[in-house]
Amino acid sequence: MTFRSLATVLLVTASAPALAQGQLPKSVVPVSYTIRVEPDAAAMTFTGSETIDVRVTAPTRTIVLNAADLDVTLASFDGVQVKPVMDAAAQTVTLTLPKIAPVGNHRLTFGWSGKINTSAAGLFAIDYSDPDGKKQRMLATQFEAPDARRFAPMWDEPAYKAKFTLSAVAPKGQLAFSNMPAKVTKLAGDRQLYSFGESPIMSSYLLYLGMGDVERRTVMAGRTEIGVITRKGVIDQSAYALDAAKKLLPYYEEYFGQPYPLPKMDMIAGPGSSQFFGAMENWGAIFYFEPELLFDAKRSSVSQQQRIYSVIAHEMAHQWFGNLVTMRWWDDLWLNEGFASWMEGKATADLNPNWNYRAQGVGGEREAAMRLDATAATHPVIRKVTTVDQIGEAFDTITYQKGQAVIDMLESTVGEGRFRDGVRRYMAKYKYSNTVTDQLWAEISAAAGRDVAPFMHDFTLQGGVPLVSVSQAACGGQRMTVTLRQSRFGLDAASKAAQTWRVPVTYATLGAGDAGAAAKEIRGSAPQTAEAVCGTLVVNPGKGGYYRTRYDAAGHGALVRDFGKMTVSDQLGLLGDDMALGFSGDQDLARYYETLAALGPQSDPLLWSLAAGQLGRVAELYEGTPLGDRLRAKTLATLAPALDRYGLEPRRDDSAQVTNLREGLVGLLGAAGDTRIVERSRRYVADLARNPSAIPPAIRSPILRTYAVNATPAEWDALLSLARSETNPVIKNGYINLLGAAREDALAARALELVKASDFTDQQRVSLLASVAGSHPDMAFDFATTNAAIINPMLETSSRSSFIVQLGGRSNDPAMPGKIAAYAAKALPVASRGPADRTVNAIRNRATFADRLRPAVTAWAGR
Ligand SMILES: [Zn+2]
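Here's what I pulled together on the structure shown here. (Residues numbered from 1 in each chain as written. Predicted model: local features only at pLDDT ≥ 70, side-chain atom pairs only at ≥ 80, totals over all residues. Heavy atoms only, no water.)

Right, let's get into the overall build of the protein. Each helix and strand in the protein was counted, giving 27 helices and 30 strands. What you see for the protein is a C-alpha radius of gyration of 27 Å, in line with the 29 Å of a compact globule of 863 residues. Its C-alpha atoms put the protein at 85 × 70 × 55 Å along the principal axes. When contacts within the protein are restricted to residue pairs at least 6 apart in sequence, those whose partners lie at least 24 apart make up 72%. Approximately 31200 Å² of the protein is accessible, and the part contributed by carbon and sulfur atoms is 53%. In the protein, 91 positive and 87 negative side-chain charges are present, and the distance between their average locations comes to 1 Å. (Helix = DSSP H or I, 4+ residues; strand = E, 2+ residues; numbered from the N terminus. Rg over C-alpha atoms; globule rule 2.2 N^0.38 Å. Contact = heavy atoms within 4.5 Å. Areas by Shrake-Rupley, 256 points an atom, 1.4 Å probe, with all protein chains shown as cover. Lys, Arg positive; Asp, Glu negative; His and termini not counted. Charge placed at Lys NZ, Arg CZ, Asp CG, Glu CD.)

Set out below in structure tokens:
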């Protein structure tokens with residue numbers, strides 16, 4: 001699954017069922033399910049029946065499996081009717097048999113009715129208008145995690161793998177699709193029966209059913225048929241995705257050493273959105289929300305193209321890592337998500353060499369992981385999961401991006417080939433079964449010829465980021481002595497704890513080639529010495545290692561002097577470390593500004609992209625203060641030359657990095673009120689009335705955003721008309737979100753009125769509220785807590801404990817932490833207050849940063 005970190009993950013629920021690993025008794029296990037469902041899309045209900053072939057492994061009179069929100073009316077065991085007893089809090093159905101069932105094969109049957117949901121949990125509906133303006137309803141399922149139990153009674157835990165044979169009744173004229181290909185037969189009353197083939201043995205969360213008024217287009221990749229399924233009218237936008245998938249499939253078959261095991265792989269585009277995720281890897285039937293899959297050459301930019309490519313690469317990696325081999329329990333979710341995130345980056349970089357995608361990740365995902373991991377909000381990559389809420393919360397930056405970073409470190413430590421061999425051994429040994437993390441370490445160790453478990457345990461069983469401090473003695477002839485010392489890097493007091501790792505430190509002397517490269521694993525907190533070739537020392541070259549580096553004054557000075565001689569990855573790493581060390585107080589932020597001054601107009605666009613994000617983050621700390629105004633002026637003056645170099649308007653020969661940089665700078669400078677960009681955005685939007693493609697795709701998103709942020713009341717009304725009249729659901733959602741971006745308070749208030757009551761869908765209203773929170777966090781939070789009775793029912797279950805509290809997350813009001821804590825104490829059960837605590841912590845940290853950085857920022861901003 002690809003998760004959304006922006007508007008977030010939260011969940012509530014008055015009851016948090018305890019889900020100790022193996023909550024369901026192991027005395028009965030499913031072997032195969034035969035499930036038939038008939039949705040009534042108009043009534044938002046469905047009926048279902050199933051036969052489950054089970055194996056009794058220990059004599060028992062009690063059978064417990066999962067079911068939630070289902071009205072189970074019929075149950076039988078070996079043909080004898082039994083009364084089903086539901087437990088809503090535990091999300092189970094229990095059968096008590098008339099006599100003890102002996103060990104062996106048996107058969108269960110169930111009959112039930114259920115609800116079609118409006119948000120993505122279980123079977124859900126996506127409402128949209130087709131190009132003629134006719135209302136349409138697409139059905140889809142989302143079962144991770146754990147919502148297969150809302151579809152049919154099941155052993156809904158990842159370790160209970162079984163075969164699934166699904167059939168579904170669909171209205172005449174619609175297409176239905178699932179993990180396997182279907183045979184279609186006519187039924188009475190304008191209905192048709194889709195009988196899907198039997199799936200391989202798999203976990204319940206990977207089952208899929210969808211149907212609607214859709215089109216399908218296919219290509220062949222070897223023996224596998226790859227399909228894209230979209231609403232009518234946009235199938236042409238699937239060409240990019242089909243081409244990407246066709247290249248990725250053989251790449252993965254080769255990498256994992258296992259053929260793709262299903263006859264087909266569909267990619268389904270849903271014209272909606274979720275607060276929680278962007279795409280889901282259902283085996284052979286990957287579901288995506290439209291912006292994650294469809295590439296519209298008239299409107300999409302390179303950054304969206306990269307996003308589409310990497311999301312496809314992520315979901316396809318899961319077809320092996322996750323679907324073929326699955327974590328035993330949610331504690332090891334990172335095995336799925338960290339690995340898929342890493343594989344996504346590797347495959348995207350390998351298959352798109354022009355993107356310099358690996359370096360892009362150094363300034364992107366790696367920085368994101370280290371930022372969160374250096375605060376009290378962090379947790380070990382492998383974490384104990386005992387409640388349904390915690391399953392939802394497990395889908396976070398640590399699981400995905402830190403997971404990705406530590407796998408990257410492992411690969412760079414043992415070597416690409418040996419690492420891949422270990423992964424192949426793991427796949428071959430555990431296909432169609434479940435694992436825990438140590439089973440992966442064992443196979444990598446066997447392939448690498450060394451035990452990697454001890455150092456990987458250090459990075460996965462404890463949270464936090466190591467900080468390696470480096471000092472170098474004067475050069476004595478050809479060699480110099482380097483002293484390395486580790487500690488825990490902390491952005492807040494709670495994370496500045498005593499802690500150590502086995503850190504595989506690597507270093508190299510600039511210009512010395514292989515002779516200057518060396519490695520040393522450091523342990524404990526005592527200083528350790530190493531030898532290096534004299535010269536400018538780069539620690540962690542390539543930035544594969546998961547740790548921050550602090551140089552002494554001479555070492556840092558040499559790096560700034562020789563900045564242009566470093567690789568782009570190392571330049572990005574230095575900028576990232578210098579900014580982070582300033583925030584944490586380990587180093588004066590003035591050092592960051594020295595490094596920044598080494599950038600010139602000719603520097604790689606990735607550096608300017610990182611710098612723009614960093615300067616934006618510093619500026620946010622002082623928004624609304626006199627220092628904030630001076631800082632904004634200085635930030636604009638620093639970044640404007642980079643935009644001048646490439647120009648506001650896209651050029652034919654721009655590289656992907658230049659296009660991305662322009663998109664970022666136009667957005668940042670436009671939102672800051674750069675008059676040239678604001679004027680240009682007004683002319684472009686005026687042109688939209690005559691030509692919907694008037695804005696070049698490469699700057700469409702930041703131009704619209706500039707217009708929205710700086711909107712006058714009349715311009716906001718124009719945006720509202722665009723939102724109301726647009727029929728393309730993706731573009732419509734974009735316009736609706738922009739209504740929340742306006743800087744003027746009165747316009748934010750009008751956006752909130754639309755959240756409260758309007759003809760927009762629940763998903764659109766929730767998304768608009770999150771958008772208002774971006775620019776007016778205090779108004780959005782106060783509105784949501786006052787109107788919680790309206791907001792909560794619109795939220796996905798997986799977002800209920802996080803959504804409202806996170807609305808206040810960008811506030812600089814000293815009263816906000818108290819308000820969030822008070823709301824959480826009143827509205828959320830104790831076990832679901834983690835997101836509230838983390839939001840409060842983040843706000844307090846920002847206040848500390850603002851105080852700590854003020855002298856250096858003031859000096860840089862000037863008078
Ligand atoms: Zn995933």
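For the rest of this paragraph, the subject is the sheet that holds strand β6 (residues 80–81). Strand order in this open sheet of eight strands is β6-β5-β9-β3-β2-β12-β15-β14, and the pairing throughout is mixed. Pairing within the sheet leaves two strands with one partner each, and these edge strands are β6 and β14 (182–187). Taken together, the six bridges between β14 and strand β15 (residues 191–196) define a ladder with antiparallel strand orientation. Paired with T185 across the strands is L193, a residue of β15. (Pairing = 2+ DSSP bridges.)

Moving on, we come to the coordination of the zinc ion. At 2.0 to 2.3 Å from the zinc ion lie its protein donor atoms, namely M1 (N), M1 (O), H314 (NE2), H318 (NE2) and E337 (OE). Written as a sequence motif, the donor residues of the zinc ion are M-x312-H-x3-H-x18-E. You can see M1 sitting in the segment before β1 (2–3) and its partner H314 sitting in helix α2 (residues 302–318), a full 313 residues away along the chain. Exposure class is identical for M1 and H314. Each is buried. (Donors = N, O, S within 2.8 Å, 3.2 Å for Na, K, Ca; no water. Buried < 20%, exposed > 50% of the residue type's maximum accessible area, 1.4 Å probe, protein only.)

The next point concerns the pattern of salt bridges. Counting across every chain of the model gives 48 salt bridges. Between E225 and R216 there is a salt bridge, with its nearest N and O atoms 2.8 Å apart. Look at E225 and you get partly exposed, because its relative accessible area is 27%. Ionic pairing is found between R548 and E367, a salt bridge with its closest N-O pair at 3.0 Å. One end of the pair, R548, is in strand β30 (residues 548–551); the other, E367, is in helix α5 (residues 365–373), and 181 residues separate them in sequence. (Salt bridge = Lys/Arg side-chain N within 4 Å of Asp/Glu carboxyl O.)

The end-to-end C-alpha distance of helix α19 (residues 713–725), which contains 13 residues, comes to 19 Å, matching closely the 18 Å that a straight helix rising 1.5 Å per residue would cover. On its buried side, α19 packs onto α17 (675–688), α18 (697–709), α20 (729–738) and α21 (745–756). (Expected span 1.5 Å × (residues − 1).)

Before going further, it helps to examine the sheet that holds strand β21 (residues 285–289). Strand order in the open sheet formed by six strands is β1-β20-β21-β19-β18-β17, and the pairing between neighbours is mixed. Of all the strands in the sheet, the pair left with one neighbour each is β1 and β17 (214–221). Pairing analysis gives two bridges linking strand β20 (residues 277–280) to β21, with the strands arranged antiparallel. Looking at the pairing, M280 lines up with F287 of β21.

With that settled, consider the nonpolar core. Soluble globular proteins tend to bury their nonpolar side chains together. Of all hydrophobic cores here, the largest spans 282 residues; its most connected members are I35, F151, W155, Y252 and I312. With eleven residues, the top contributor of residues to this core is helix α1 (residues 239–256). Setting aside anything within four residues of it in sequence, one finds I312 in contact with A241, A244, A245, L248, M267, Y288 and L293. (Core = buried A, V, L, I, M, F, W, Y, C linked by side-chain atoms within 4.5 Å.)

With that settled, the discussion passes to the packing of aromatic side chains. Applying the stated criterion to the full structure yields 38 aromatic pairs. Where Y194 meets F196, the ring centres are 6.1 Å apart and the plane angle is 25°; that geometry is what we call stacked. Taking relative accessible area as the criterion, Y194 reaches 6% and is therefore assigned buried. Take F196: its relative accessible area is 5%, and that puts it in the buried class. On the numbers, 6.3 Å between centres and 45° between planes, the contact of W355 with Y357 is tilted. Judged by its relative accessible area of 9%, W355 falls in the buried class. Cluster of aromatic residues (ring-pair linked, three or more members): Y251, Y252, Y255, F256, Y260, W320, F321, F339, W342, F419, Y426 and Y430. (Phe/Tyr/Trp six-rings, centres within 6.5 Å; stacked < 30°, edge-to-face > 60°.)

Next up on the list: the side chain of S445. By secondary structure assignment, the location of S445 is in helix α9 (residues 437–448). Relative accessible area serves as the criterion here: at 11%, S445 is assigned to the buried category. A polar side-chain atom of S445 sits 2.7 Å from the main-chain carbonyl oxygen of W441. Here the side chain of S445 touches V452 through a polar contact of 3.0 Å, landing on its backbone nitrogen. For S445, the residues in contact, after removing those within four places along its chain, are R450, D451, V452 and A453. (Polar contact = N/O pair within 3.5 Å; in protein donor to acceptor, adjacent residues only side chain to side chain.)

On to the pairing of strand β3 (residues 45–56). The alternating pattern of β3 places F46, G48, E50, I52, V54 and V56 on a buried face and T45, T47, S49, T51, D53 and R55 on a face that is not buried. Sheet topology places strand β2 (residues 28–40) next to β3; twelve bridges connect them, and they run antiparallel. Bridging across to β3, P30 finds its partner in V54. Count of turn residues in the β2/β3 antiparallel hairpin: four residues, of which M44 carries a positive phi of about 60°. As paired strands, β3 and strand β9 (residues 104–115) are joined by twelve bridges and run antiparallel to one another. Bridging across to β9, V54 finds its partner in H106.

With that settled, consider unusual backbone geometry. The general pattern is negative phi for most residues beyond glycine and trans for most peptide bonds. For the bond from E144 to A145, the omega torsion is -15°, close enough to zero to count as cis. As for its placement among the helices and strands, A145 is situated in the loop between β11 (135–142) and β12 (163–171). The omega angle of the peptide bond from A145 to P146 is -20°, so this bond is cis rather than trans. Among the secondary structure elements, P146 is positioned in the loop between β11 and β12. Phi angles above zero are rare outside glycine, and D78 is one such case at about 50°. Counting through the fold element by element, D78 comes out in the loop between β5 (71–77) and β6.

This paragraph deals with the environment of F177. The residue F177 is located in strand β13 (residues 175–178) in this model. As for F177 and I229, which are separated by 52 residues in sequence, their C-alpha atoms are 9.1 Å apart. Setting aside residues up to four positions removed in sequence, F177 forms contacts with F196, Y208, L209, G210, M211, V214, I229 and I268.

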